[in-house]
Amino acid sequence: MYNNKYVNEWVEQMAQLTQPDEIVWIDGSEEEKDRLTKQALSTGELVELNQETYPGCYYHRTAENDVARVEHLTFICTSKKENAGPTNNWMEKSYAYARLGNLFNGSMKGRTMYVIPYLMGPPGSEFSKVGIEITDSIYVVLNMRIMTRIGKIAMDFLGDSNDFVKGLHSKGELDPEKRFICHFPEDNAIWSIGSGYGGNVLLGKKCFALRIASALGRREGWMAEHMLILGIEDPNGKVEYIAAAFPSACGKTNLAMLIPPEKYKKAGYKVWTVGDDIAWLRIGKDGRLWAINPEAGFFGVAPGTSMKSNPNALLTTKKNTIFTNVALTENKEVWWEGMGVPAPEKALDWRGNPWTPDMDAKAAHPNSRFTAPAKQCPCISDKFEDPNGVPISAIVFGGRRAKLAPLVYQSFDWEHGVYVGATMASETTAAATGKVGVVRRDPMAMLPFCGYNMGEYFQHWIEMGRKIPNPPKIFNVNWFRLDDEGKFIWPGFGDNLRVLLWILDRCNDKADAVKTPIGYLPNPGDIDLEGTDVDLDTLKSILDVNKEDWIEELKSQEEHLGKFDKLPVEVRNQFEAQKERINNL
Ligand code: GTP
Ligand code: SPV
Ligand code: MN
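Quick caveat: nothing in here was measured; it's all calculated off a predicted structure.

> Which residues make up the site of ligand 1, and what values go with them?
The full set close to ligand 1 counts 21 residues, and Ala249, Lys252, Thr253, Asn254 and Arg369 are the nearest of them. Here an oxygen atom of ligand 1 and a side-chain polar atom of His226 are 3.4 Å apart. In the model, an oxygen atom of ligand 1 is placed 3.0 Å from a nitrogen or oxygen of the Gly251 main chain. For ligand 1, the protein covers 91% of the area, taking 660 Å² as the surface of the free molecule. When atoms are counted within 2 Å of each cavity's grid points, the one that captures over half of ligand 1 is the largest pocket. Per element, the largest residue contribution to the shell around ligand 1 is 3 residues, and it comes from helix H8 (residues 252-256). Across the shell around ligand 1, the residue classes break down as 10 nonpolar, 7 polar and 4 charged.

What follows is the structure, given as structure tokens:
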């Protein structure tokens, strides 16, 4: 037990509800990690990987029906429905406590309750906040240990305050019929039951750092966003920072760790990772927007991660990493599709069934993940733990659009940028259950993560823009345009630096642009193609603004915007102005 009376009282109440056999207070020590790991190995919850090739690494499989976030079972629970807004599932707050209370009642009988104090953000930062997660899963404890700063460091930060987010998690029966991920932004509380999958149960991540924090940010005048943060160092040693919001499994981890193309590497360009998934942003004393990464680890998509696509991510996972739902080889190593090494002759697939390469089934689940400490990343920024964060020069929105959205464009100004973010769309991925590859609107990549009414969220963006004396410029990118054969036109990955450099040049008034109805596009000659196999005509084909296509797009945008009960007039006006510009094209 720690000596914060608010924490102790709340833990006592939750213990009365869930009735564990035992309560273990997590301190974050190595000894504790070893003890819990041993215990998880003894029950099969974890499998020890080959300690020669994967020191400190472990393997875990979730239940087959529990492999991704469940948006249809995720709720914002407020007194009034309008506070959750049109894009969130809503449960009335006291009804939710009662309904989930029934499920939590006795759910930890015969189990141990772990109490995990955790800190989101670096110690000593005005950005940082404390959460306490109660859970009956060792897997959760060991993942939270990587993803956040747990134990004494969090309790020291909290002191005797009652300002902490109360998170209650129980695996329950792992029954999808009895699975709920409920958020109570009015009470800074999260109740999650019936799942053992990352985004549903590592409560510091999407539940706190986005859903609860977005609501806190609105009340307190800051922002919590589904954004990576990266620094680009030029040959003179000057580092500028970009924050980018892409929907789940759309390339944040990859972009955050990109390796410059050979030519740029030689010239002295470097990329530094500050964060790969979540940014908390505040207005700094200098009038710029500053960001921290509240997390301490990466919960990254495994498939597609190779020494070619993302060596920094792969190298980060070489030790002290937990792998979930990938394939397990006979010598206790991991494998996944797109790892860039030959498939093992035999393996156990993510379900635990025997697998051979001739089978017409994937060995790793498409949403299989690694949990790895950020500090192990070869390109981790020296500002990763800076309590002040980093100043943001550009905000970049993006998604998967096979057609329409150009490789890159810049919004006319902040308000136009908010409209661009508010109408963002992307094809769905395996990160959430449901159909994959369907275009859906995903404003600011926050559709599944906004903890309050999304119309008010847009309003908050508008108001932040007015308050930031020197706001970042706002851009949109799309790495995912397809040709008629269904192949990616843009090489992506490291070559995305070419686009980021144009973005920074625009921020520094060093590049011209073509003014189009949707924003400023690069002169094709201003995106450097040397060293790629993209020719200028191909580049032009993904820097086009086609009137007919955009008329269709605007119809769909209008329908989308029509769903918001609290759409800011500024966003509506931006839409109307864009429509007029397109019609005049
Ligand atoms: P979450 O952790 O779910 O929020 O996802 P993320 O946005 O961090 O996605 P991630 O970087 O893990 O990328 C997921 C998928 O996108 C992988 O299959 C990558 O191979 C693919 N991807 C990433 N960058 C690019 C790119 O520039 N071009 C193409 N074609 N694919 C990319
Ligand atoms: C995402 O789905 O956007 C993730 C993984 O980053 S999860 O933690 O499951 O949300
Ligand atoms: Mn994410």
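> Outline the site of ligand 2, listing residues and values.
Surrounding ligand 2, one finds Arg69, Tyr197, Gly199, Lys205, Lys206, His226, Ser248, Asp277, Phe299, Arg369, Ala431 and Phe449. Contact between ligand 2 and Arg69: an oxygen atom at 2.9 Å from a side-chain N or O atom of the residue. Relative to its free-state accessible area of 280 Å², ligand 2 is covered by the protein chains to the extent of 99%. Comparing atom positions with the cavity grids shows ligand 2 to sit within the largest pocket. Taken together, the residues of the shell around ligand 2 break down into 4 nonpolar, 3 polar and 5 charged.

> Mind laying out the layout of surface pockets, listing which residues take part and the relevant values?
In this structure, the largest pocket encloses a volume near 1100 Å³. If you go around the largest pocket, you meet 44 residues; those closest to its centre are Ala249, Cys250, Val301, Pro303 and Arg400. Elements with a minimum of two residues in the lining of the largest pocket: helix H7 (204-220), H8, strand S18 (297-301) and strand S24 (369-373). Here the lining of the largest pocket takes 4 residues from H8, the largest share from any one element. Class assignment of the residues belonging to the lining of the largest pocket gives a composition of 20 nonpolar, 14 polar and 10 charged. By volume, the second largest pocket amounts to about 570 Å³.

Cut-offs and rules
Counting from 1, residues in each chain are numbered in the order their sequence is written. Chain letters and ligand numbers both follow the written order, the letters beginning at A and the numbers at 1. A pLDDT threshold of at least 70 governs which residues receive local features in this predicted model, and a stricter bar of 80 or more applies before side-chain atom pairs are shown or counted, although totals over entire chains, interfaces and linings include all residues. To obtain the side-chain values, all non-hydrogen atoms of the structure were included, while hydrogens and water were left out. Nearness is defined per residue: one heavy atom within 4 Å of the molecule or strand is enough. Here a polar contact is taken to be a pair of N or O atoms separated by no more than 3.5 Å, where protein atoms must pair a possible hydrogen donor with a possible acceptor and residues adjacent in sequence count only if both atoms sit in side chains. All accessible-area figures derive from a Shrake-Rupley calculation using a 1.4 Å probe, and residue coverage is judged against the displayed protein chains alone. Think of a 1 Å grid over just the protein atoms. A cavity is a set of points where a 1.4 Å probe fits yet cannot get out, a pocket is an open set with protein on both sides within 12 Å along at least five of seven lines, and lining residues have an atom within 4 Å of a point. Whether a molecule sits in a cavity or pocket is decided by its atoms, more than half of which must lie within 2 Å of the grid points. Working definition: helices are DSSP H or I runs of at least four residues, strands are E runs of at least two. Numbering for both runs from the N terminus. Polarity classes work like this: nonpolar for Ala, Val, Leu, Ile, Met, Phe, Trp, Tyr, Cys and Pro, charged for Asp, Glu, Lys and Arg, and polar for all others, with Gly in that last group. Grid points are joined across faces, edges and corners, and a volume is the space filled by probe spheres set on the points.

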